[in-house]
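Here is how the chains run, residue by residue.
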Amino acid sequence: MSTTYDELPEGACAVCDMTAFMRCSSCHREFYCGKEHQREDWPRHKDHCKAYEVLESPELGRHLVARRDLKPDEIIFSEAPIVWGPTAHLNDRVCVGCGKLGAYVARCPGCAWPACRHACDGLVDEAIHGFECKVLAAAKLLPRCDLLLALRCLVMRNKQPKRWRQLMKLSSHLESRGPGSEAHEETQKAIEYLRPFLQIDSELEKLLPQVCGIIDVNGLETNPPDGSMAIYEAACLLEHDCLPNTRLTFDPDTRGVPRINVIAVRDIKKGEHLSTSYTHVLWSTRMRREHLLSTKYFTCKCKRCADPTELDSHVGTLKCPCGKGYVTPDHPLKPDSDWSCKECPGLLSAGEVAQLTDRLGEEVEAAMSVPQKDIMTDLLMRLMVLLHPCHQHCLTIGHSMLQMLDPADPKKLELCERLLQTFDKVDPHGARLGVYYAIALRELATCPGQDKSQLLRRAIHYLRYEPKGTSGYVLREVCEADVFA
């Protein structure tokens, strides 16, 4: 089993070389036996500590670049959130004290909002729920977990002015969220709900649209805790790339506050921009760019988006009726581009492609709601008549079928290999698809003639950052048990 550098419980003090358990809280790379030696070493360490710097440009705004060469699995930085809370559009209950998701019946004794238990420590912690509890109780707001994060942001204005200033530096794209937009309608609903609280200060209602924009544009969903979203001062400046050079992990502290770790997934050269992905890597270029435009207010122009075949992955490619070729966009970065086949004069408009793939997407969604082997097998066969075998819809159905197929069925081997080949093209470092990789590898290990131990060890490697309590961590334990049984 591999161990990441951040998992090492101890190291040698950088000053005296004695066994040490305390790390530099900024870079996590140096160990110290105590504060005194950490202070003594700072003149040397400070030039190497911070691995990134913040730059600004007219096109990108504020963004992060590497200050030195970085190695794979190196922690670039780690930070606590400015603010965190339940995700927007959340219908489930979240404990307002610790952020854990669950079907809770307990209530906070002070404000009657959901809690995992009456004695949850976070309920009385002034830095988590203690102060806002008084606000919620005074305003007599009925529980709406999906709007609690916005309220927490507004409470910071007077309670934590330094954090409020950090928050207000982040982009809100307010100019794109005006009347007529879906975001404007949602903000107006939030204003009506929060009105008893907003009446405390006339400025709060004016600030709420900007706060909602900051949450939508900068909020990162955490796991763990599942069902929560956090806003970070530095991590929110990571720019988007469909082939990101970092992975994000979250470590809740003893109070449940999700600390983020930004980790290099490959060699990163000094001066290179640091990136993450704000969309799903198994979506086609059309879907990724539409999602980014509607939620983050920009369109991606990375090398994958600019390639008609999406780096030869064909996640968005159609099968041509001529039977000889495939249909790809002539100009992938133009939403209205025609789609054509290189083997015949066939031509499709962008609208026709969208209509076809959206209709097939609805069929996929319906089949996934109640997975049945026969239905999914039939749907996959029909999809492959119209789509490239590696199209996102085929991948979705194929991945869900893996565990339904008998190891001796040749289709299982074929699906596993096709999925893994596609993952290697769209996420070569496993930054976003670690669990997908592991499931395909574990299922491939059950097929005849495969090196089971080698495949399971690869699966464990992809799951090395999965946090305790998640399905990925459970899968890792299962794979480890299979290897070392």
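Residues numbered from 1 in each chain as written. Predicted model: local features only at pLDDT ≥ 70, side-chain atom pairs only at ≥ 80, totals over all residues. Heavy atoms only, no water.

**A short note on the sheet that holds strand β7 (residues 75–79)**
Moving on, step 1. Reading across the sheet, the 3 strands line up as β7-β13-β12 and stay open at both edges, with antiparallel pairing between neighbours. Here the strands that pair on one side only, and so sit at the sheet edges, are β7 and β12 (246–252). Each neighbouring strand pair of the sheet contributes to a mean axis angle of 20°, computed without reference to strand direction.
Moving on, step 2. Bridge count for β12 against strand β13 (residues 258–264) is 7 bridges, and the pairing is antiparallel. (Pairing = 2+ DSSP bridges. Helix = DSSP H or I, 4+ residues; strand = E, 2+ residues; numbered from the N terminus. Axes fitted to C-alpha atoms, helices over the stretch in contact; angles between N-to-C directions.)

**Focus on unusual backbone geometry**
Moving on, step 1. With an omega dihedral of 0°, the bond running from Asn223 to Pro224 counts as a cis peptide bond.
Moving on, step 2. In this structure, the amide linkage connecting Pro224 to the following residue, Pro225, adopts the cis form with an omega of -10°.
Moving on, step 3. With respect to the helices and strands, Pro225 occurs in the loop between β9 (220–222) and β10 (228–231).
Moving on, step 4. Of note in the backbone geometry, Asp17 takes a positive phi value of approximately 70° without being a glycine.
Moving on, step 5. If you trace the backbone, Asp17 turns up in the loop between β1 (11–12) and β2 (19–20).
Moving on, step 6. Notably, His173 is not glycine yet its phi reads approximately 50°, a positive angle.
Moving on, step 7. Within the element layout of this structure, His173 appears in the loop between α4 (161–168) and α5 (182–198).
Moving on, step 8. Given the relative accessible area of 22%, His173 is considered partly exposed. (Buried < 20%, exposed > 50% of the residue type's maximum accessible area, 1.4 Å probe, protein only.)

**Examining the UniProt feature "domain: SET" (unreviewed entry) in the protein**
Moving on, step 1. Under the local residue numbering, the UniProt record ascribes the feature "domain: SET" (unreviewed entry) to residues 50–279.
Moving on, step 2. This span, residues 50–279, is 30% helix and 20% strand, and a straight line between its end C-alpha atoms measures 28 Å. (UniProt positions renumbered as here; feature names shortened; annotations may be inferred.)

**Brief notes about the pattern of salt bridges**
Moving on, step 1. Using the criterion set out here, one finds 27 salt bridges in the structure.
Moving on, step 2. When the shortest N-O distance is used, the salt bridge between Glu310 and Arg288 registers 2.9 Å. Of this pair, Glu310 sits in the loop between α8 (303–306) and β15 (318–319) while Arg288 sits in helix α7 (residues 285–295); the two residues are 22 residues apart in sequence, bridging distant segments of the chain.
Moving on, step 3. Owing to a relative accessible area of 0%, Arg288 belongs among the buried residues under this scheme.
Moving on, step 4. For Glu480, the salt bridge is made with Arg476, and the minimal N-O distance between the two is 3.2 Å. With Glu480 and Arg476 both in helix α15 (residues 471–484) and 4 residues apart, this pair spans about one turn of that helix.
Moving on, step 5. In this structure Glu480 comes out as buried when scored by relative accessible area, which is 14%.
Moving on, step 6. Salt bridges sharing common partners tie together Arg359, Glu363, Asp378 and Arg382. (Salt bridge = Lys/Arg side-chain N within 4 Å of Asp/Glu carboxyl O.)

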